Amino acid sequence: MRSRLRETVDRRNLLSGGLVAGGTILTGVAAKAVGGSLVSPEGHAGHGASAPTGTPASHLIHGNMTTVGAVDGRHNGFDPMALLNDWDLGTTSTLPDGGTLRTFEVTGEDKEIEIAPGLLFPAWTYNGRVPGPTLRVTEGDSIRIVFRNRGSHPHTMHFHGIHAARMDGVPGFGEIVPGGEFTYTFDAIPFGCHLYHCHSLPLKRHIHKGMYGAFIVDPDPARHPEHETVARSRLLGSPENREWQEFVMVMNAFDTNFDGENEVYAVNTVAHHFAKNPIRIERGSPVRIYLVNVVEFDPINSFHLHGNFFDYYDHGTTLTPTLKTVDTIMQCQAQRGILEFTYKNHETGLYMFHAHQSEFVELGWVGMFDVVEATS
Ligand SMILES: [Cu+2]
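Residues numbered from 1 in each chain as written. Predicted model: local features only at pLDDT ≥ 70, side-chain atom pairs only at ≥ 80, totals over all residues. Heavy atoms only, no water.

(A) A look at the pattern of salt bridges. Tallying each qualifying case throughout the model produces 14 salt bridges. Across the pair D141 and R102 runs a salt bridge whose closest N-O atoms are separated by 2.6 Å. Of this pair, D141 sits in the loop between β5 (134-138) and β6 (142-149) while R102 sits in strand β3 (residues 100-116), and the two are 39 residues apart along the sequence. Under the relative-accessibility criterion, D141 is labelled buried at 6%. Given a relative accessible area of 14%, R102 falls into the buried group. R288 is paired through a salt bridge with E246; the nearest N and O atoms lie 2.7 Å apart. Linking R288 in strand β14 (residues 287-293) with E246 in strand β11 (residues 245-254), this pair joins segments that are 42 residues apart in sequence. Like R288, the residue E246 is buried in the burial classification. What you see here is one network of salt bridges that share partners, running through R136, D218, E246, R288 and E340. (Salt bridge = Lys/Arg side-chain N within 4 Å of Asp/Glu carboxyl O. Helix = DSSP H or I, 4+ residues; strand = E, 2+ residues; numbered from the N terminus. Buried < 20%, exposed > 50% of the residue type's maximum accessible area, 1.4 Å probe, protein only.)

(B) Up close: the coordination of the copper ion. Looking at the copper ion, one finds its protein donor set to be H155 (ND1), C198 (SG) and H206 (ND1), positioned 2.0 to 2.1 Å from the metal centre. Sequence spacing of the donor residues for the copper ion, all on one chain, is H-x42-C-x7-H. Of this pair, H155 sits in the loop between β6 and β7 (158-159) while H206 sits in helix α6 (residues 203-208), and the two are 51 residues apart along the sequence. The pair formed by H155 and H206 is uniform in burial state, with each residue classed as buried. (Donors = N, O, S within 2.8 Å, 3.2 Å for Na, K, Ca; no water.)

(C) Local environment of the environment of V371. In this structure, V371 sits in strand β21 (residues 366-372). It is 5.2 Å that separates the C-alpha atoms of V371 and G349, two residues lying 22 residues apart in sequence. Among residues more than four places away in sequence, those in contact with V371 are I281, R283, Y343, E347, T348, G349 and Y351. (Contact = heavy atoms within 4.5 Å.)

(D) Structural context of the side chain of N241. By the element assignment, N241 lies in helix α8 (residues 239-242). The class for N241 is buried, based on a relative accessible area of 5%. In this structure the side chain of N241 is engaged in a polar contact, spanning 2.8 Å, whose partner is the backbone oxygen of S233. Residues within four places of N241 in sequence aside, it is in contact with R136, R232, S233, R234, L235, L236, E246 and R288. (Polar contact = N/O pair within 3.5 Å; in protein donor to acceptor, adjacent residues only side chain to side chain.)

(E) Just the sheet that holds strand β18 (residues 328-332), in detail. Sheet architecture is open: five strands sit in the order β13-β21-β20-β15-β18, paired in mixed fashion. Among the strands making up the open sheet, the edge pair consists of β13 (279-282) and β18. Within this sheet the neighbouring strands show an average axis-to-axis angle of 25 degrees, counted without direction. (Pairing = 2+ DSSP bridges. Axes fitted to C-alpha atoms, helices over the stretch in contact; angles between N-to-C directions.)

(F) Spotlight on the nonpolar core. Counting 31 residues, the largest nonpolar core has M249, I289 and F303 as the members making the most contacts within it. Counting residues per element, this core draws most heavily on β11, at four residues. Other than its neighbours up to four places away in sequence, I289 contacts F247, M249, F303, G337, I338, L339, F341 and F369. Within the second largest apolar cluster, 26 residues are counted, among which are I115, A116, Y313 and I338. (Core = buried A, V, L, I, M, F, W, Y, C linked by side-chain atoms within 4.5 Å.)

This is the structure we're talking about:
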């Protein structure tokens, strides 16, 4: 009985606007459910209603205006926390000239995902996740991407990088019909923080449905003798890199009622996830964030860090900062960059990060770092 009461109360909170500040989503769900793909909290009590109503951290978030409940990561098959650094390195082999060949396999598929407690979204995905796998390679590698389309619509993989027209992944060059397969090949240049996304038409629809991911090209230190130490710090697996705490954050959003505006904002898909589940960072070690903006329908997104400042490398294509000592940067769609900062001289505790568009914060794009003493 008690749990039933709890459910009732929580549902009431949801319906009074607790799901997202202002009740925007609920309005959309109630009024414009499309094809049964949007499920109201009533119809989906198993996830949201019985889940915890938030951690102490969530109470610090702007008047506690966060979603109520928790998204079931088992339903999604991915966890936003794990997406922060689950690099996909592909399979490697050595070419006759001594270079490295990296092969990736990516499958396009339709999949319903949960983007806020009880709120399902009919996504189009790469490898069943949103964002798609974070592909991480080294400058100069030869890249093969075997793309199989098991979805219901034609799709592509369009990489931001340097490559031939026939590898561009646009209609006419590498667009794959359902059931089809194509292999994109190119060399990994330039180094930096890049992305890939579907380029089928209508473009904004294919992107915002979930077909995007980060594509990180680590610099080859041998090619950058003037900044070799910095280059080595970015090269995954090097001793210098191991000192860094690295995270991929893909800023995304979802138009849940297909009116050309977003109702949910996030990093790594789930609204408010990192507000309720702070990202633990060790105080003594520097932090590097690979930040990518793929939000459709809004021209500008941003990242603001609390209690601290950072250096910024626009597109990640330089080894010296393009902005020094800033606490906010903005990105238009497909813009991306690398943020570097440290909390080594700070008190431990919870430090917020979020878009500085307040509307985006209230609709999900806010998180916390939990700065702790080193454990080792
Ligand atoms: Cu597509």
